[in-house]
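A structural walkthrough
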Amino acid sequence: VSHPWLAVILGVLLTAPPTLAQEPADPTSPISPLAMNLRPAEFRISDRVILVRDERMVQTHFTLVVHAGCLDEEPDCRGVAHYLEHLLLVGRNPDHTESAFRFFSDGYANGWTSHKATAFTHRIAPRRLEQGGPMADLERLFAFYANRLRSFEVSAADALRERNVVLQEYQLRTGNNPFGRFGVQLEQVLLPHHSLGQSVIGSPDTIPALTLEEAQHFHARWYVPDNITVVVAGNLDPEAVRAVTARTFGAVEARTLPPRAGREAPGIEPGRFSLTVTDAQVKRRTVRYTKLVRIPEETRNIRNARLLLANFLASQLAGSPNDVLVEGQSVTDGISAGVIRHLPGLYRIWLSAEPTPDTSPEQLAEAMRSYLDGLASRGGFDTTTLERLKRRFAADVAMANLSGERIMNRVVDWVANGDPYDSLADFPLRVAAVTPDDVTRLLTLLAGPGRELTGILLPETTAERRVP
Amino acid sequence: MILYRPLLHSIVLLLAIVLVRSAASAQQGGNSLVIHEGRTPRGVRYAFLPQPFEDRVALSFSWWDGFAQARPGQELLGRLSVAWLQAGTERLPEGQFREELRDDQIRLEFGTGNRTTGGSLTAPPEKLHLAAERLREVLVTPALSERALARLRRRHASNFEQARETPGTLARSMLIELLAGESPFIPEEAGASVQLRDAERLGRPEVEAWRQAVLARDSLVVAAAGRSTEEAIVAAIDRAFGELPEQSNLPLPPNTTFRRDVRTIVIERPVSQTSLVLGGGSSLVWADERNQPLSGIALNAFATGPTSRLFRAVRDELGASYGSTAALPMIGGAARYLIVSSSVDPASAPQALAVIRAEYDRFRQEGLTPTEFEAARARLVNGLEEQARRAGPASALLRDLLRQGRNAAEGPAVLEHLRHRLTREEVNAHVRERWPELPLTTVIVAPSAEGLAADCVVRRHEEPERCLVSR
């Protein structure tokens with residue numbers, strides 16, 4: 001870092017609670033910084049409940065994150081966690097005989113499942129004080145999910161019908177989408193023996209075999225008070241939320257969590273693989289280059305360097321994939337790229353693009369590989385670019401700190417990825433401290449031994465393809 | 001998600017009302033907040049909603065268009081022009097220009113559709129002037145490089161070709177062609193049936209002609225919202241748009257009339273899920289936009305979310321679909337058509353189709369129940385209120401209001417009506433009288449036509465156009 005003190009000051013500013021992130025303002029001026037009393041603030045209500053208070057929010061937002069997803073299925077990922085998400089929303093409790101989808105007829109409800117977590121989200125419409133205000137609705141919702149942690153009931157007929165809904169969801173997103181199908185095939189080659197290589201939702205083979213008993217078993221193992229985080233956001237009084245938490249989730253009996261065998265990063269068998277698929281539903285050629293690498297995280301800045309590298313790969317900055325492969329070599333008209341940390345010690349770097357008419361898929365794939373090798377051999381990007389990326393990140397964080405919804409989403413994303421809430425506070429500080437050496441080290445490791453896969457998706461009749 | 005956009009876009013009046021209310025509730029110290037309206041020194045019509053509680057400032061702008069649609073064979077000119085305009089400026093190539101915007105947290109987007117071209121500009125309040133300068137660059141000194149044009153042509157061609165293979169998009173495109181096949185806006189709306197060769201002929205002369213005709217000050221409206229002052233907004237508007245020609249040169253708006261085609265068309269394709277798309281032309285035209293909140297409430301009750309009729313009937317009871325949607329999109333900025341879509345289990349497709357038709361018939365005949373009406377009204381108003389307190393969406397809503405030539409001052413009375421005096425009977429009468437009658441035109445993409453009572457079948461290796469004309 002050219003100015004280490006700057007990074008430290010920046011980090012301190014960014015890691016302060018959002019309410020302290022900017023200078024005090026004159027609230028009467030329409031263009032002065034946002035008035036202090038209007039800035040959102042985070043409150044840790046309990047070990048498992050976080051409140052983002054924003055007096056400007058009209059609706060109340062609720063997300064319950066269960067820290068269990070497809071990676072926690074046994075023996076491997078077949079879609080049980082996702083099926084349970086559906087069942088929990090459509091199932092009934094003795095105290096609530098309607099689907100949770102319709103918990104508030106004038107609100108919004110949904111759920112989602114990932115490899116690491118399952119989440120249930122609700123948006124509650126504003127309620128006048130004579131109707132009990134927002135806390136009355138929130139208490140109903142807290143009580144509902146506290147009961148769902150204890151048990152849930154769903155009829156066999158409902159469970160069977162919902163299983164077909166899940167299958168239709170799969171068909172909508174993946175089965176009927178050639179690019180989705182291609183992605184599934186690539187993952188199975190890349191990670192053939194690990195749940196990370198399986199689709200969270202399952203497959204046409206596994207979904208029809210899902211049973212209510214499997215879902216109930218998963219529920220009994222993972223839907224326990226110590227394995228959830230609730231994030232609420234709105235114009236709410238922290239003390240009132242604390243009291244409601246104690247009355248609802250606080251009354252649920254604790255249970256012991258089983259060991260998380262599925263969270264161990266798999267061993268990677270290094271090698272270079274390729275998969276070419278033709279599909280009648282495809283009219284454009286696609287090349288996806290992916291590489292999985294085991295990376296020891298001896299320092300945390302390897303992990304934080306990943307964020308800046310990902311931002312660089314997605315940019316159009318000098319030396320980015322767009323700059324080199326689109327503008328420089330003209331092997332594609334547009335490219336997407338990124339680097340992901342799947343699990344501690346397991347990273348993936350990838351590029352995806354359509355070749356230009358004069359470029360073969362194989363040429364594009366080779367250009368992608370060469371680009372990444374070149375990036376690593378050059379040591380990444382220069383100090384100026386690194387500082388530019390850090391300034392952008394800092395500005396984004398500062399802007400997000402002014403919005404209750406964005407803070408809430410940041411917290412949900414963080415905890416759903418399996419990271420402790422408390423480690424979020426100094427994340428910007430850690431990013432601000434990333435050095436060019438950290439980026440170089442990460443790139444060197446990414447260029448090392450790993451499992452490389454070049455996937456090519458082609459129209460069934462390439463020769464007949466019309467290109468103007 | 002795509003189908004929500006026309007719905008939200010359409011309920012401009014309600015939103016404008018909500019804007020007034022939202023702004024009032026958020027003000028500091030009880031000062032009355034107003035939407036400032038007027039013309040800038042350079043003659044641009046504008047409106048501005050001050051939002052001292054917001055962290056950004058946003059400008060949304062719109063020109064009348066329809067230039068390309070008046071030129072047979074050039075229907076895609078507007079789309080191509082808007083994309084080309086954003087591909088860098090004389091000062092900086094595309095990539096560097098975009099990265100510079102990113103450094104300054106400025107977001108700049110353009111779009112075209114429904115006989116308008118427009119966009120939005122969002123920036124931190126202290127960078128409003130800089131953002132306006134960047135927008136000026138795009139409008140006045142775009143790079144317009146031949147390389148970028150070639151790239152855009154290829155991207156468009158690739159997207160259109162792929163869209164034709166996407167079952168839901170193909171079915172929707174066919175439906176639009178069946179309903180409004182005479183409209184010059186068909187290529188813009190029905191993405192899967194575009195004549196690619198026409199786009200190949202478009203180049204610099206056509207794009208320059210489009211710029212001269214469309215991007216002028218007289219047909220431009222700009223709405224702003226966020227943390228700023230009227231003075232700063234007016235200065236920014238004239239900075240960005242002040243150098244454009246004063247006079248536009250637009251064709252008369254074309255008429256859009258819907259055909260009534262009650263056939264069921266099945267396109268056989270090797271798909272794992274059957275796409276059902278049903279629709280019909282409504283009697284709702286541009287002049288009816290003030291009544292669009294009534295359709296918004298009805299669409300909400302019929303097909304939006306888990307409390308809706310279609311969710312309960314097709315997903316909850318049949319288990320045949322992950323979800324269904326309904327919308328009343330506008331074509332050519334002139335008239336609205338109904339479109340109901342559901343992707344269903346092929347084994348349940350005949351049953352799902354019958355259920356959707358029966359539910360639509362019942363909904364149109366009987367209308368919303370009191371419970372449905374209250375919930376849908378609250379959902380719509382609350383959701384819009386949430387959007388309206390953010391600078392970006394608020395400015396877009398105000399812009400659409402200006403585009404309609406409306407006055408925001410009428411808002412409070414209408415809001416009062418919608419919140420407290422609008423009756424279920426009014427909404428039900430609107431649905432009964434203005435939404436299309438049964439039978440609806442039906443287009444299905446399925447692995448087999450068997451059991452679907454098709455009037456025309458497109459076999460696997462046939463082109464869908466064979467069923468466009470009634471036989």
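Before reading on, note that the structure itself is shown above.
Notes on the structure in this doc start here. (Residues numbered from 1 in each chain as written. Chains lettered and ligands numbered in written order. Predicted model: local features only at pLDDT ≥ 70, side-chain atom pairs only at ≥ 80, totals over all residues. Heavy atoms only, no water.)

**Points about the overall build of chain B**
We apply this condition: Labels follow the DSSP assignment, with helices taken as runs of H or I lasting at least four residues and strands as runs of E lasting at least two, numbered in each case from the N terminus. Residue exposure ignores everything except the shown protein chains as possible cover, and the areas themselves are Shrake-Rupley values with a 1.4 Å probe.
If you tally the helices and strands in chain B, you get 18 helices and 13 strands. If you sum the accessible surface of chain B, you get close to 17400 Å²; carbon and sulfur atoms cover 50% of it.

**Digging into the environment of Asp333(A)**
For the record, the criterion: Contact between two residues is taken to exist if any of their heavy atoms lie within 4.5 Å; hydrogens are not considered. Pairs of N or O atoms are called polar contacts if they sit within 3.5 Å, as long as, within protein, a hydrogen donor faces a hydrogen acceptor (for residues adjacent in sequence, only side-chain-to-side-chain pairs).
Tracing the chain through its elements places Asp333(A) in strand β9 (residues 332–343). Distance in space between the C-alpha atoms of Asp333(A) and Pro357(A) is 9.8 Å, their sequence separation being 24 residues. If near-sequence neighbours (up to four positions away) are discounted, Asp333(A) is found in contact with Val326(A), Glu354(A), Thr356(A), Arg151(B), Arg154(B) and Arg155(B). A distance of 2.7 Å separates the side chain of Asp333(A) from the side chain of Arg154(B), its partner in a polar contact.

**A look at the nonpolar core**
All names here are of chain A. We apply this condition: We call a set of buried Ala, Val, Leu, Ile, Met, Phe, Trp, Tyr and Cys residues a nonpolar core when their side-chain atoms join them within 4.5 Å. Each residue is placed in one exposure class: buried if its accessible area under a 1.4 Å probe, protein chains only, is under 20% of its type's maximum, exposed if it is over 50%, and partly exposed if it falls in between.
If you look at the biggest cluster of nonpolar residues, it comprises 61 residues, and the most contacted ones within it are Leu309, Phe312, Leu313 and Leu446. If near-sequence neighbours (up to four positions away) are discounted, Leu309 is found in contact with Val339, Leu375, Phe381, Leu442, Leu443 and Leu446. Val49, Leu84, Leu88 and Phe104 belong to the second largest nonpolar core, which has 52 residues in total.

**Description of the state of the cysteines**
All names here are of chain A. The cut-off we apply is this: A pair of cysteine sulfur atoms is labelled a disulfide when the two atoms are within 2.5 Å.
Within the structure shown, the criterion is met by two disulfides over all chains. Shown here is the disulfide that connects Cys70 with Cys77, its sulfur atoms set 2.0 Å apart. Looking along the S-S bond of the Cys70-Cys77 disulfide, the torsion reads about -120°, which is the left-handed sense. Side by side, Cys70 and Cys77 carry an identical accessibility label, which is buried.

**Brief notes about the pattern of salt bridges**
Basically, it comes down to this: Each salt bridge in this description consists of a side-chain nitrogen of Lys or Arg and a carboxyl oxygen of Asp or Glu lying within 4 Å of one another.
All told, the structure shown has 61 salt bridges over all chains when counted by the stated rule. Salt-bridge contacts for Glu462(B) lead to Arg466(B); the nearest nitrogen and oxygen are separated by 3.8 Å. With relative accessibility at 31%, the residue Glu462(B) sits in the partly exposed group. One network of salt bridges, in which partners are shared, links Glu327(A), Asp333(A), Arg147(B), Arg151(B) and Arg154(B).

**Looking at the interface of chain B and chain A**
The condition that has to hold: Throughout, buried area stands for the accessible area (probe radius 1.4 Å) lost by two parts on being put together, summed over both. In this classification, the charged set is Asp, Glu, Lys and Arg, the nonpolar set is Ala, Val, Leu, Ile, Met, Phe, Trp, Tyr, Cys and Pro, and all remaining amino acids, among them Gly, are polar.
At the interface, 59 residues of chain B touch 62 residues of chain A. Carbon and sulfur atoms make up 46% of the surface buried where chain B meets chain A, a total of about 5500 Å² over both sides. Summed over the shared surface of chain B and chain A, the number is twelve salt bridges. Its salt-bridge partner being Arg147(B), residue Glu327(A) comes within 3.7 Å of it at the nearest N-O pair. Counting every contact that joins chain B to chain A gives 37 residue pairs in polar contact (both at pLDDT 80 or more). When residues of the side of chain B that touches chain A are traced back to their parent elements, those giving at least two are α4 (94–103), α6 (146–163), α9 (196–201), α13 (309–317), β9 (321–327), β11 (335–344) and α15 (370–388) of chain B. Looking at the side of chain B that touches chain A, the element that brings in the most residues is α6(B), giving ten residues. Of the residues contributing to the side of chain B that touches chain A, the split by class is 15 nonpolar, 16 polar and 28 charged.

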